Amino acid sequence: MTILESPPVTAASKIFNFPRNAWYVAAWDHEVTAKQPLARTIAGRPLALWRNGDGRAVALADACWHRLAPLSKGKVLGDEIQCPYHGLRYNSAGRCTSMPAQETINPSATVPSYPVVERYRYVWVWVGDPDLADPSTVPDMHQMDSSDWAGDGETIYAPCNYQLILDNLMDLTHEEFVHSSSIGQDELSEAEFEVSHSERGVTVTRWMRDIDAPPFWLKNMRDKFPGFSGKVDRWQIIHFEAPSTICIDVGVAKAGTGAPEGDRSQGVNGYVMNTITPETARTSHYFWAFMRNYRLESQTITTQLRQGVHGVFGEDEDMLAAQQRAIDANPDHEFYSLNIDAGGMWVRRILDRMLQAEGLPSAAAAK
(Lines give C-alpha, C1' and ligand atoms only; values in the text may rest on other atoms or scores of the structure.)
Protein backbone atom coordinates (compact mmCIF):
# COMPACT_ATOMS: atom_id res chain seq x y z
CA MET A 1 0.00 0.00 0.00
CA THR A 2 1.17 3.53 -0.76
CA ILE A 3 0.19 6.67 1.14
CA LEU A 4 -0.57 9.76 -0.91
CA GLU A 5 -0.42 13.02 1.02
CA SER A 6 -1.61 15.31 -1.76
CA PRO A 7 -2.71 14.67 -5.35
CA PRO A 8 -1.02 16.02 -8.43
CA VAL A 9 -2.77 19.05 -9.91
CA THR A 10 -3.67 17.66 -13.31
CA ALA A 11 -6.61 17.78 -15.66
CA ALA A 12 -8.75 14.65 -15.95
CA SER A 13 -11.07 13.30 -18.60
CA LYS A 14 -14.70 14.11 -17.79
CA ILE A 15 -16.60 11.70 -20.05
CA PHE A 16 -14.79 8.57 -18.91
CA ASN A 17 -14.86 5.31 -20.82
CA PHE A 18 -15.62 2.06 -19.01
CA PRO A 19 -13.71 -1.24 -18.95
CA ARG A 20 -15.50 -4.29 -20.32
CA ASN A 21 -13.34 -6.94 -18.66
CA ALA A 22 -14.98 -6.50 -15.29
CA TRP A 23 -17.97 -7.60 -13.23
CA TYR A 24 -20.89 -5.16 -13.17
CA VAL A 25 -24.17 -5.49 -11.33
CA ALA A 26 -26.97 -5.92 -13.84
CA ALA A 27 -29.85 -6.18 -11.36
CA TRP A 28 -30.99 -7.07 -7.88
CA ASP A 29 -31.49 -10.83 -7.72
CA HIS A 30 -35.27 -10.45 -7.27
CA GLU A 31 -35.54 -8.42 -10.49
CA VAL A 32 -34.49 -11.36 -12.68
CA THR A 33 -37.33 -13.87 -12.97
CA ALA A 34 -38.58 -16.80 -15.03
CA LYS A 35 -41.79 -14.92 -15.83
CA GLN A 36 -40.60 -12.05 -18.00
CA PRO A 37 -37.17 -11.14 -19.39
CA LEU A 38 -35.58 -7.96 -18.04
CA ALA A 39 -34.00 -5.48 -20.47
CA ARG A 40 -30.91 -3.69 -19.20
CA THR A 41 -27.92 -2.12 -20.93
CA ILE A 42 -24.61 -2.84 -19.21
CA ALA A 43 -21.43 -1.04 -20.31
CA GLY A 44 -22.98 -0.31 -23.69
CA ARG A 45 -24.29 -3.87 -24.22
CA PRO A 46 -28.10 -4.30 -24.36
CA LEU A 47 -28.95 -7.50 -22.47
CA ALA A 48 -31.98 -9.70 -21.87
CA LEU A 49 -31.88 -11.18 -18.36
CA TRP A 50 -34.01 -14.14 -17.29
CA ARG A 51 -34.01 -17.38 -15.26
CA ASN A 52 -34.05 -20.83 -16.81
CA GLY A 53 -35.86 -23.91 -15.51
CA ASP A 54 -33.17 -24.48 -12.86
CA GLY A 55 -33.59 -20.94 -11.56
CA ARG A 56 -30.19 -19.88 -12.86
CA ALA A 57 -29.84 -16.30 -14.08
CA VAL A 58 -28.98 -15.96 -17.78
CA ALA A 59 -27.77 -12.93 -19.75
CA LEU A 60 -28.11 -12.93 -23.54
CA ALA A 61 -27.59 -10.16 -26.06
CA ASP A 62 -30.94 -8.42 -26.44
CA ALA A 63 -31.26 -8.93 -30.20
CA CYS A 64 -32.56 -11.95 -32.09
CA TRP A 65 -30.20 -13.44 -34.70
CA HIS A 66 -32.96 -13.28 -37.34
CA ARG A 67 -34.11 -9.62 -37.45
CA LEU A 68 -32.60 -8.16 -34.23
CA ALA A 69 -35.94 -8.03 -32.41
CA PRO A 70 -35.38 -7.48 -28.65
CA LEU A 71 -35.48 -10.82 -26.85
CA SER A 72 -36.39 -8.95 -23.67
CA LYS A 73 -39.86 -8.44 -25.17
CA GLY A 74 -40.25 -12.19 -25.66
CA LYS A 75 -41.28 -15.07 -23.39
CA VAL A 76 -39.43 -17.42 -21.06
CA LEU A 77 -40.40 -21.01 -21.91
CA GLY A 78 -38.69 -23.28 -19.39
CA ASP A 79 -35.00 -23.39 -20.27
CA GLU A 80 -35.44 -21.20 -23.34
CA ILE A 81 -36.36 -17.68 -24.35
CA GLN A 82 -38.61 -17.07 -27.35
CA CYS A 83 -38.23 -14.15 -29.74
CA PRO A 84 -41.37 -11.98 -29.72
CA TYR A 85 -41.25 -11.36 -33.49
CA HIS A 86 -40.97 -14.73 -35.27
CA GLY A 87 -40.78 -17.22 -32.42
CA LEU A 88 -37.15 -18.37 -32.63
CA ARG A 89 -36.08 -20.00 -29.37
CA TYR A 90 -32.67 -19.81 -27.67
CA ASN A 91 -31.17 -21.79 -24.83
CA SER A 92 -29.03 -20.41 -21.99
CA ALA A 93 -25.90 -20.63 -24.13
CA GLY A 94 -27.51 -18.41 -26.78
CA ARG A 95 -27.92 -21.17 -29.37
CA CYS A 96 -31.14 -21.31 -31.38
CA THR A 97 -33.09 -24.50 -30.69
CA SER A 98 -36.19 -23.92 -32.77
CA MET A 99 -37.17 -22.01 -35.91
CA PRO A 100 -40.70 -21.52 -37.21
CA ALA A 101 -41.87 -23.48 -40.27
CA GLN A 102 -38.62 -25.44 -40.71
CA GLU A 103 -36.90 -28.41 -39.11
CA THR A 104 -33.33 -27.55 -40.08
CA ILE A 105 -31.74 -24.98 -37.80
CA ASN A 106 -29.09 -22.73 -39.28
CA PRO A 107 -25.90 -23.47 -37.27
CA SER A 108 -24.99 -19.77 -37.26
CA ALA A 109 -28.19 -18.91 -35.39
CA THR A 110 -26.73 -17.83 -32.08
CA VAL A 111 -26.70 -14.76 -29.88
CA PRO A 112 -23.92 -13.86 -27.41
CA SER A 113 -24.29 -15.28 -23.91
CA TYR A 114 -22.48 -13.51 -21.06
CA PRO A 115 -21.00 -14.94 -17.85
CA VAL A 116 -23.22 -14.41 -14.80
CA VAL A 117 -22.55 -14.69 -11.06
CA GLU A 118 -25.14 -14.25 -8.31
CA ARG A 119 -23.62 -12.85 -5.15
CA TYR A 120 -24.49 -10.39 -2.39
CA ARG A 121 -28.16 -10.15 -3.50
CA TYR A 122 -27.08 -8.99 -6.96
CA VAL A 123 -26.80 -10.49 -10.44
CA TRP A 124 -23.32 -9.66 -11.81
CA VAL A 125 -22.51 -9.80 -15.53
CA TRP A 126 -19.21 -9.80 -17.42
CA VAL A 127 -19.56 -8.22 -20.89
CA GLY A 128 -15.88 -8.47 -21.92
CA ASP A 129 -13.73 -11.44 -22.89
CA PRO A 130 -15.54 -14.44 -21.34
CA ASP A 131 -12.26 -16.36 -20.93
CA LEU A 132 -11.16 -13.73 -18.38
CA ALA A 133 -14.35 -13.89 -16.29
CA ASP A 134 -13.11 -15.09 -12.88
CA PRO A 135 -15.87 -15.20 -10.21
CA SER A 136 -13.26 -14.69 -7.49
CA THR A 137 -12.78 -11.11 -8.74
CA VAL A 138 -16.37 -10.06 -7.99
CA PRO A 139 -15.97 -7.05 -5.65
CA ASP A 140 -16.40 -7.80 -1.95
CA MET A 141 -19.80 -6.70 -0.63
CA HIS A 142 -20.23 -9.42 1.98
CA GLN A 143 -22.20 -7.19 4.36
CA MET A 144 -25.11 -7.43 1.92
CA ASP A 145 -25.95 -11.03 2.84
CA SER A 146 -24.19 -11.51 6.17
CA SER A 147 -26.25 -12.45 9.24
CA ASP A 148 -24.19 -9.89 11.17
CA TRP A 149 -25.68 -7.02 9.18
CA ALA A 150 -29.20 -5.85 8.29
CA GLY A 151 -30.41 -3.33 5.75
CA ASP A 152 -31.85 -2.66 2.35
CA GLY A 153 -31.34 -0.44 -0.66
CA GLU A 154 -32.57 0.81 -4.00
CA THR A 155 -31.47 1.60 -7.54
CA ILE A 156 -30.99 5.06 -8.96
CA TYR A 157 -31.06 5.62 -12.71
CA ALA A 158 -28.46 8.38 -12.87
CA PRO A 159 -28.30 10.65 -15.94
CA CYS A 160 -24.52 11.06 -15.77
CA ASN A 161 -21.23 9.35 -16.52
CA TYR A 162 -20.37 6.70 -13.94
CA GLN A 163 -17.07 8.39 -13.08
CA LEU A 164 -18.94 11.42 -11.71
CA ILE A 165 -20.63 9.13 -9.17
CA LEU A 166 -17.28 7.61 -8.22
CA ASP A 167 -15.85 11.11 -7.74
CA ASN A 168 -18.83 11.98 -5.54
CA LEU A 169 -18.38 8.94 -3.30
CA MET A 170 -14.60 9.18 -3.02
CA ASP A 171 -14.77 12.75 -1.67
CA LEU A 172 -17.35 13.05 1.10
CA THR A 173 -16.53 16.66 1.97
CA HIS A 174 -19.38 17.54 -0.38
CA GLU A 175 -21.73 16.43 2.42
CA GLU A 176 -20.99 19.71 4.19
CA PHE A 177 -22.59 21.63 1.34
CA VAL A 178 -25.01 19.26 -0.43
CA HIS A 179 -26.38 17.47 2.66
CA SER A 180 -26.19 20.18 5.33
CA SER A 181 -29.56 19.23 6.87
CA SER A 182 -28.80 15.54 7.43
CA ILE A 183 -25.19 14.31 7.45
CA GLY A 184 -23.17 17.42 6.65
CA GLN A 185 -21.09 19.45 9.09
CA ASP A 186 -18.13 21.86 9.05
CA GLU A 187 -15.69 19.29 10.42
CA LEU A 188 -15.83 17.28 7.19
CA SER A 189 -13.61 19.69 5.29
CA GLU A 190 -11.57 20.61 8.36
CA ALA A 191 -10.54 17.05 9.25
CA GLU A 192 -7.37 15.52 7.86
CA PHE A 193 -7.61 12.37 5.78
CA GLU A 194 -5.31 9.64 4.55
CA VAL A 195 -5.30 7.93 1.16
CA SER A 196 -3.80 4.53 0.40
CA HIS A 197 -4.01 2.46 -2.77
CA SER A 198 -3.25 -0.92 -4.26
CA GLU A 199 -3.39 -2.29 -7.79
CA ARG A 200 -7.20 -2.46 -7.84
CA GLY A 201 -8.28 -0.53 -4.77
CA VAL A 202 -8.22 2.84 -3.02
CA THR A 203 -8.99 3.66 0.61
CA VAL A 204 -9.71 7.12 2.04
CA THR A 205 -9.81 7.36 5.83
CA ARG A 206 -11.16 10.34 7.78
CA TRP A 207 -11.77 10.69 11.55
CA MET A 208 -13.54 13.60 13.21
CA ARG A 209 -13.05 13.57 16.98
CA ASP A 210 -15.11 15.16 19.74
CA ILE A 211 -17.76 16.76 17.52
CA ASP A 212 -21.52 17.21 17.58
CA ALA A 213 -23.41 14.41 15.82
CA PRO A 214 -25.32 15.62 12.73
CA PRO A 215 -29.08 14.86 12.70
CA PHE A 216 -28.84 11.57 10.81
CA TRP A 217 -26.26 10.11 13.19
CA LEU A 218 -27.85 11.53 16.34
CA LYS A 219 -31.04 9.62 15.48
CA ASN A 220 -29.07 6.42 14.91
CA MET A 221 -27.28 6.79 18.24
CA ARG A 222 -30.63 7.22 19.99
CA ASP A 223 -32.00 4.14 18.24
CA LYS A 224 -29.30 2.13 20.01
CA PHE A 225 -28.77 4.31 23.10
CA PRO A 226 -32.12 5.98 23.94
CA GLY A 227 -31.71 9.54 25.18
CA PHE A 228 -28.11 9.85 24.03
CA SER A 229 -26.59 13.33 24.03
CA GLY A 230 -23.05 14.65 23.94
CA LYS A 231 -20.04 14.67 21.66
CA VAL A 232 -19.08 11.86 19.30
CA ASP A 233 -16.11 10.56 17.35
CA ARG A 234 -17.14 10.13 13.70
CA TRP A 235 -15.48 8.07 10.99
CA GLN A 236 -15.67 7.64 7.23
CA ILE A 237 -13.52 4.92 5.66
CA ILE A 238 -14.08 4.69 1.92
CA HIS A 239 -13.09 1.45 0.15
CA PHE A 240 -13.02 1.47 -3.66
CA GLU A 241 -12.64 -1.77 -5.63
CA ALA A 242 -12.26 -1.68 -9.39
CA PRO A 243 -14.03 -0.98 -11.57
CA SER A 244 -16.88 0.76 -9.74
CA THR A 245 -17.73 -0.59 -6.28
CA ILE A 246 -17.39 1.64 -3.22
CA CYS A 247 -18.23 0.39 0.28
CA ILE A 248 -18.07 3.08 2.96
CA ASP A 249 -17.55 2.19 6.61
CA VAL A 250 -19.35 4.96 8.52
CA GLY A 251 -20.48 5.66 12.05
CA VAL A 252 -20.21 7.59 15.28
CA ALA A 253 -19.40 6.61 18.86
CA LYS A 254 -19.48 8.41 22.17
CA ALA A 255 -16.40 10.64 22.19
CA GLY A 256 -13.35 9.29 23.92
CA THR A 257 -14.55 5.67 24.22
CA GLY A 258 -11.93 4.16 21.93
CA ALA A 259 -13.54 4.07 18.50
CA PRO A 260 -10.42 5.37 16.67
CA GLU A 261 -8.43 2.61 18.37
CA GLY A 262 -10.91 -0.09 17.33
CA ASP A 263 -13.54 -0.26 20.11
CA ARG A 264 -16.83 0.82 18.52
CA SER A 265 -19.07 -0.73 21.19
CA GLN A 266 -20.26 2.69 22.37
CA GLY A 267 -21.39 3.71 18.91
CA VAL A 268 -23.35 2.80 15.80
CA ASN A 269 -21.74 1.41 12.67
CA GLY A 270 -23.07 1.27 9.13
CA TYR A 271 -21.83 0.41 5.68
CA VAL A 272 -22.98 2.40 2.66
CA MET A 273 -22.78 -0.16 -0.14
CA ASN A 274 -22.47 1.34 -3.62
CA THR A 275 -21.84 -0.31 -6.96
CA ILE A 276 -22.22 1.73 -10.14
CA THR A 277 -22.85 0.16 -13.53
CA PRO A 278 -22.27 2.31 -16.60
CA GLU A 279 -25.09 2.10 -19.09
CA THR A 280 -23.81 4.59 -21.66
CA ALA A 281 -21.25 7.39 -21.56
CA ARG A 282 -23.87 9.63 -19.94
CA THR A 283 -26.15 7.28 -17.99
CA SER A 284 -25.57 4.85 -15.12
CA HIS A 285 -27.35 2.30 -12.95
CA TYR A 286 -26.50 3.13 -9.35
CA PHE A 287 -27.18 0.26 -6.91
CA TRP A 288 -26.92 1.14 -3.22
CA ALA A 289 -27.82 -0.15 0.21
CA PHE A 290 -27.30 0.91 3.82
CA MET A 291 -26.35 -1.96 6.14
CA ARG A 292 -26.02 -1.75 9.94
CA ASN A 293 -24.75 -4.08 12.67
CA TYR A 294 -27.09 -3.03 15.51
CA ARG A 295 -30.80 -3.57 16.22
CA LEU A 296 -30.83 -6.18 13.49
CA GLU A 297 -34.37 -7.27 14.36
CA SER A 298 -35.97 -3.90 13.65
CA GLN A 299 -37.65 -3.60 10.26
CA THR A 300 -38.71 -0.09 11.31
CA ILE A 301 -35.07 1.02 11.52
CA THR A 302 -34.29 -0.69 8.20
CA THR A 303 -37.14 1.19 6.52
CA GLN A 304 -36.28 4.52 8.15
CA LEU A 305 -32.62 4.23 7.15
CA ARG A 306 -33.51 3.34 3.57
CA GLN A 307 -35.87 6.31 3.36
CA GLY A 308 -33.31 8.63 4.95
CA VAL A 309 -30.51 7.60 2.62
CA HIS A 310 -32.94 7.81 -0.32
CA GLY A 311 -33.42 11.50 0.51
CA VAL A 312 -29.69 12.13 0.84
CA PHE A 313 -28.92 10.41 -2.47
CA GLY A 314 -31.73 12.34 -4.14
CA GLU A 315 -29.74 15.50 -3.43
CA ASP A 316 -26.67 13.87 -5.00
CA GLU A 317 -28.70 12.82 -8.03
CA ASP A 318 -29.82 16.40 -8.66
CA MET A 319 -26.24 17.67 -8.40
CA LEU A 320 -24.78 14.96 -10.65
CA ALA A 321 -27.41 15.52 -13.34
CA ALA A 322 -26.71 19.27 -13.26
CA GLN A 323 -22.97 18.59 -13.43
CA GLN A 324 -23.38 16.36 -16.48
CA ARG A 325 -25.43 19.04 -18.23
CA ALA A 326 -22.73 21.61 -17.49
CA ILE A 327 -20.01 19.30 -18.80
CA ASP A 328 -21.94 18.78 -22.04
CA ALA A 329 -22.42 22.54 -22.37
CA ASN A 330 -18.70 23.19 -21.84
CA PRO A 331 -16.94 20.40 -23.75
CA ASP A 332 -13.53 22.12 -23.79
CA HIS A 333 -13.32 22.81 -20.08
CA GLU A 334 -10.96 20.59 -18.10
CA PHE A 335 -11.26 19.33 -14.54
CA TYR A 336 -8.46 20.17 -12.12
CA SER A 337 -7.66 18.56 -8.80
CA LEU A 338 -7.83 19.84 -5.24
CA ASN A 339 -6.38 18.06 -2.21
CA ILE A 340 -9.82 16.56 -1.54
CA ASP A 341 -9.69 14.80 -4.93
CA ALA A 342 -6.78 12.53 -3.96
CA GLY A 343 -8.87 9.36 -3.71
CA GLY A 344 -10.78 10.06 -6.89
CA MET A 345 -7.59 10.70 -8.84
CA TRP A 346 -6.22 7.30 -7.86
CA VAL A 347 -9.49 5.71 -8.96
CA ARG A 348 -9.11 7.35 -12.35
CA ARG A 349 -5.55 6.07 -12.66
CA ILE A 350 -6.67 2.50 -11.92
CA LEU A 351 -9.47 2.73 -14.47
CA ASP A 352 -7.12 4.25 -17.02
CA ARG A 353 -4.76 1.27 -16.65
CA MET A 354 -7.68 -1.13 -17.09
CA LEU A 355 -8.76 0.66 -20.25
CA GLN A 356 -5.22 0.66 -21.63
CA ALA A 357 -4.99 -3.08 -21.02
CA GLU A 358 -8.08 -3.53 -23.19
CA GLY A 359 -6.83 -1.14 -25.85
CA LEU A 360 -9.64 1.32 -25.12
CA PRO A 361 -9.34 5.12 -24.93
CA SER A 362 -9.80 6.79 -21.56
CA ALA A 363 -12.33 9.26 -22.91
CA ALA A 364 -15.67 7.95 -24.13
CA ALA A 365 -16.94 8.91 -27.56
CA ALA A 366 -18.92 12.12 -27.55
CA LYS A 367 -22.43 10.84 -28.24
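Residues numbered from 1 in each chain as written. Predicted model: local features only at pLDDT ≥ 70, side-chain atom pairs only at ≥ 80, totals over all residues. Heavy atoms only, no water.

Caption draft 1: Region of interest: the environment of Asp-148. Checked against the element boundaries, Asp-148 lands in the loop between β12 (122-126) and β13 (150-158). For the pair Asp-148 and Arg-292, spaced 144 residues apart in sequence, the C-alpha separation works out to 8.4 Å. When near neighbours in sequence (up to four residues on either side) are disregarded, Asp-148 contacts Arg-292, Asn-293 and Leu-296. (Helix = DSSP H or I, 4+ residues; strand = E, 2+ residues; numbered from the N terminus. Contact = heavy atoms within 4.5 Å.)

Caption draft 2: Inspection of unusual backbone geometry at higher detail. The omega angle of the peptide bond from Ala-242 to Pro-243 is 5 degrees, so this bond is cis rather than trans. Position of Pro-243 relative to the elements: it lies in the loop between β16 (232-241) and β17 (245-254). Non-glycine residue Ala-101 carries a positive phi angle of around 65 degrees. Mapped onto the elements, Ala-101 comes out in the loop between β9 (96-98) and β10 (113-114). Positioned with a positive phi, Arg-295 is a non-glycine residue whose angle comes to about 45 degrees.

Caption draft 3: Helix α4 (residues 215-224), seen in detail. Residues of α4 that are buried include every one of Phe-216, Trp-217, Asn-220, Met-221 and Asp-223, and no others. For α4, the arc enclosing every buried residue in end-on projection is 155 degrees, short of the 170-degree limit, so these residues lie on one face. Looking at the buried side of α4, the elements it contacts are β16, β17, β18 (267-280), β19 (283-292) and α5 (299-329). (Buried < 20%, exposed > 50% of the residue type's maximum accessible area, 1.4 Å probe, protein only. Arc of directions from axis to C-beta.)

Caption draft 4: Structural detail: the environment of Pro-139. Within the fold, Pro-139 resides in the loop between β12 and β13. For the pair Pro-139 and Arg-119, spaced 20 residues apart in sequence, the C-alpha to C-alpha distance is 9.6 Å. The residues touching Pro-139, leaving out its near neighbours within four places in the chain, are Trp-23, Tyr-120, Trp-124, Glu-241, Ala-242 and Thr-245.

Caption draft 5: Just the packing of aromatic side chains, in detail. This model, assessed by the stated rule, comprises twelve aromatic pairs. Taking 6.2 Å as the distance between ring centres and 80 degrees as the angle between the ring planes, the aromatic pair formed by Tyr-122 and Trp-124 counts as edge-to-face. Grouping residues by exposure puts Tyr-122 and Trp-124 together as buried. Ring geometry for Trp-149 and Tyr-271: centres 5.3 Å apart, planes at 90 degrees, overall edge-to-face. Residue Trp-149 is found in the loop between β12 and β13, and its partner Tyr-271 is found in strand β18; the two are separated by 122 residues along the sequence. Here the aromatic residues Trp-28, Tyr-122, Trp-124 and Phe-287 are joined through ring pairs into a cluster of three or more. Here the basic side chain of Arg-349 rests over the ring of Trp-346, its NZ or CZ set 4.4 Å away from the ring centre. (Phe/Tyr/Trp six-rings, centres within 6.5 Å; stacked < 30°, edge-to-face > 60°. Lys NZ or Arg CZ within 6 Å of the ring centre and 35° of its normal.)

Caption draft 6: Main features of the pairing of strand β15 (residues 201-211). Counting buried positions along β15 gives eight out of eleven residues, so the element sits mostly inside the fold. Where strand β14 (residues 193-197) lies against β15, five bridges are found, and the strand directions are antiparallel. Across the sheet, the residue bridging to Phe-193 is Arg-206, located in β15. Where β14 hands over to β15, the hairpin turn is made up of three residues, counted between the paired strands. (Pairing = 2+ DSSP bridges.)

Caption draft 7: Quick peek at the packing of α4 against α5. Across the interface, α4 lies against α5 with an axial gap of 12 Å and an inter-helix angle of 175 degrees. Regarding the angle of α4 to α5, the classification is roughly antiparallel. Along the contact surface, α4 presents Phe-216, Lys-219, Asn-220 and Asp-223, while α5 presents Ile-301, Gln-304, Leu-305 and Val-309. Taken together, the residues of the contact of α4 with α5 sort by class into four nonpolar, two polar and two charged. (Axes fitted to C-alpha atoms, helices over the stretch in contact; angles between N-to-C directions. Parallel < 35°, antiparallel > 145°, perpendicular 65-115°, else oblique. Nonpolar A, V, L, I, M, F, W, Y, C, P; charged D, E, K, R; others polar.)

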